[in-house]
Amino acid sequence: MTANALAAPRWRDGLETEYAPLVATLEQLIPCMEVPMHLPWIDAINALKKDRGAVIMAHSYQSPEIFHGVADITGDSLALAQAAADCDSDLIVLCGVHFMAESAKILAPGKTVLIPDLEAGCSLAASITAADVRALRTRHPGVPVVSYVNTSAEVKAESDACCTSANAVQVVEAIAAETGARQVIFLPDRYLGSWVATQTEVELVLWNGTCEVHETFTAQQVRHTREQFDTKVVAHPECSPEVLAEADFVGSTSAMGRWLEKEQPERVAMITECSMADNLKNRFPRVQFIKPCNLCPHMKRINLPNIHACLRDLRHEVVVAPGVAERARRALDRMLAVGRREQV
Ligand code: 13P
Ligand code: SF4
């Protein structure tokens, strides 16, 4: 759905002046003719947000008009989980995918967590069920389970600890040290898992899940991009090992930003979701971003009109069954206790 699909709030005089700094930012990131289309929505959402005392959290893969226009808190999935656990407001609108909103609800059980589109899923979260995890435990008795945060609450409830790409190696090592296990079951992303396996002595048992966005990049495309643009390449560890082997740096969403800060390359190709480059661009005005432009169809279900409807009608509330939430929380708390310990 585009911003035009629902009746847009009325344009009011003075909007462009009132939002001048935001207009200047957005004009660097999206076609300038789109900015006046977004402004009335942004203004209406910000007014509703104030009335409701809500906090809007947006993942780094959200479009620039959401990320810069209405979000109070932005970041990767670890940052959003940490923010939900610490949040003062009783109402959180999570602009991201369903597992992120579920994590927020589990970590802030007393709060109302809304997601603008309940169908915003994730191919990794859809690749495994709680019954699959129980079957894995039966096949590998005594082996602890670390699940990527890109999983349902039910899968988290069957896990010993969760991790994100920002702390996967540290969580695997912490759980192995704590339990004395030589092996850890790591699920569901087989590419993230095989990358983690290159960074640790702990032996990993993997599941066959993949991210439908990152798995589409090929090593040949990366080599071609590098030759064509004479560019540095950074890649998310959800890409295949062949793609990662071509990258100058492999890291999570947040680590990519820190790598850019440190290296300040002239040009960089971001082998990840397209909005990442958009949202980093204004932090690094001297870096030329080469965008491979793979969009996550789930992240892109969230837009200004459905954020507006979500706040106006207090829909769609994310609910997690109390028994599941309690067990999933233990796994998420372990992840938060490890925190962010990336090298960059
Ligand atoms: P982060 O954990 O880096 O935020 O990534 C989440 C995700 O869905 C990547 O595709
Ligand atoms: Fe899931 Fe991939 Fe989309 Fe991230 S980019 S939410 S892993 S489908």
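Starting afresh in each chain, residues are numbered from 1 along the sequence in its written order. By the order in which they are written, chains take letters starting at A while ligands take numbers starting at 1. Thresholds applied to this predicted model are a pLDDT of at least 70 for local features of residues and 80 or more for the giving and counting of side-chain atom pairs; totals over whole chains, interfaces and linings are not thresholded and use all residues. The basis for the side-chain values is all heavy atoms of the structure; hydrogens and waters are excluded.

(A) Up close: unusual backbone geometry. Omega for the peptide link from Leu187 to Pro188 comes to -5°, which places this bond in the cis form. Considering the arrangement of structural elements, one finds Pro188 in the loop between β7 (183–187) and α10 (190–197). Cis geometry marks the peptide bond from Arg315 to His316, where omega comes out at -15°. Put simply, DSSP marks the helices as runs of H or I at least four residues long and the strands as runs of E at least two long, and each gets a number from the N terminus on. Within the secondary structure, His316 is located in the loop between α15 (304–313) and α16 (322–338). The phi dihedral of Asp230 is positive, around 50°, even though this residue is not glycine. Looking at the element boundaries, Asp230 is found in the loop between α11 (219–229) and β9 (232–235). Judged by its relative accessible area of 60%, Asp230 is exposed. Despite not being glycine, Leu314 has its phi angle at roughly 50°, a positive value. When you line up the elements, Leu314 lands in the loop between α15 and α16. Throughout, exposure labels follow a simple rule: accessible area from a 1.4 Å probe, protein chains only, divided by the maximum for the residue type, with under 20% read as buried, over 50% as exposed, and the rest as partly exposed.

(B) Up close: the side chain of His59. Relative to the helices and strands, His59 is located in strand β1 (residues 54–59). The criterion used for residue contact is that any of the two residues' heavy atoms lie within 4.5 Å. For His59, the residues in contact, after removing those within four places along its chain, are Phe67, Gly75, Asp76, Ser77, Leu80, Cys95, Gly96, Met100 and Met299.

(C) Fine view of the site of ligand 1. For this description, a residue counts as near a given molecule or strand if any of its non-hydrogen atoms is within 4 Å of it. Inspection of the region around ligand 1 gives His59, Tyr61, Asp76, Ser77, Asn150, Ser165, His214, His236, Glu238 and Thr253 as its neighbouring residues. Measuring from an oxygen atom of ligand 1, one finds a side-chain N or O atom of His59 at 2.6 Å. For ligand 1, an oxygen atom lies 2.8 Å from a polar atom in the side chain of Glu238. Protein contacts shield 96% of the accessible area of ligand 1, which totals 300 Å² for the unbound molecule. All residues other than Ala, Val, Leu, Ile, Met, Phe, Trp, Tyr, Cys, Pro, Asp, Glu, Lys and Arg, Gly among them, are scored as polar; the first ten of these are nonpolar and the last four charged. Here the residues of the shell around ligand 1 are counted per class, giving one nonpolar, seven polar and two charged. For the shell around ligand 1, the two domains that each supply at least three residues are domain 1 (3–122 + 299–313) and domain 3 (214–290). Pairing of N or O atoms within 3.5 Å defines a polar contact, subject to two protein rules: one partner must be a possible hydrogen donor and the other a possible acceptor, and residues neighboring in sequence count only if both atoms are side-chain atoms. Values of accessible area rely on a 1.4 Å probe in the Shrake-Rupley scheme; residue burial ignores everything except the protein chains shown. The start and end points of each domain follow an automatic or database-based domain assignment.

(D) Up close: the environment of Arg52. With respect to the helices, strands and loops of the structure, Arg52 is situated in helix α3 (residues 35–52). Along the chain, Arg52 and Asp90 lie 38 residues apart, while their C-alpha atoms are 9.3 Å from each other. With sequence-adjacent residues up to four places away left out, Arg52 is seen in contact with Leu91, Leu311, Arg312 and Leu314.

(E) Representation of the packing of helix α6 (residues 98–107) against α16 in the model. With axes taken as lines fitted to C-alpha atoms, and helix axes fitted only over the stretch in contact, angles between N-to-C directions fall between 0 and 180 degrees. Interhelical geometry of α6 versus α16 gives an angle of 95° and a closest axis separation of 9 Å. Accordingly, the angle class assigned to the pair α6 and α16 is roughly perpendicular. In this structure, α6 contributes Ser103, Ile106 and Leu107 to the contact, and α16 contributes Ala325, Ala328, Arg329, Leu332, Asp333 and Leu336. Of the residues that constitute the contact of α6 with α16, the class distribution is six nonpolar, one polar and two charged. For classification purposes, angles smaller than 35 degrees are called roughly parallel, those larger than 145 roughly antiparallel, those between 65 and 115 roughly perpendicular, and all remaining angles oblique.

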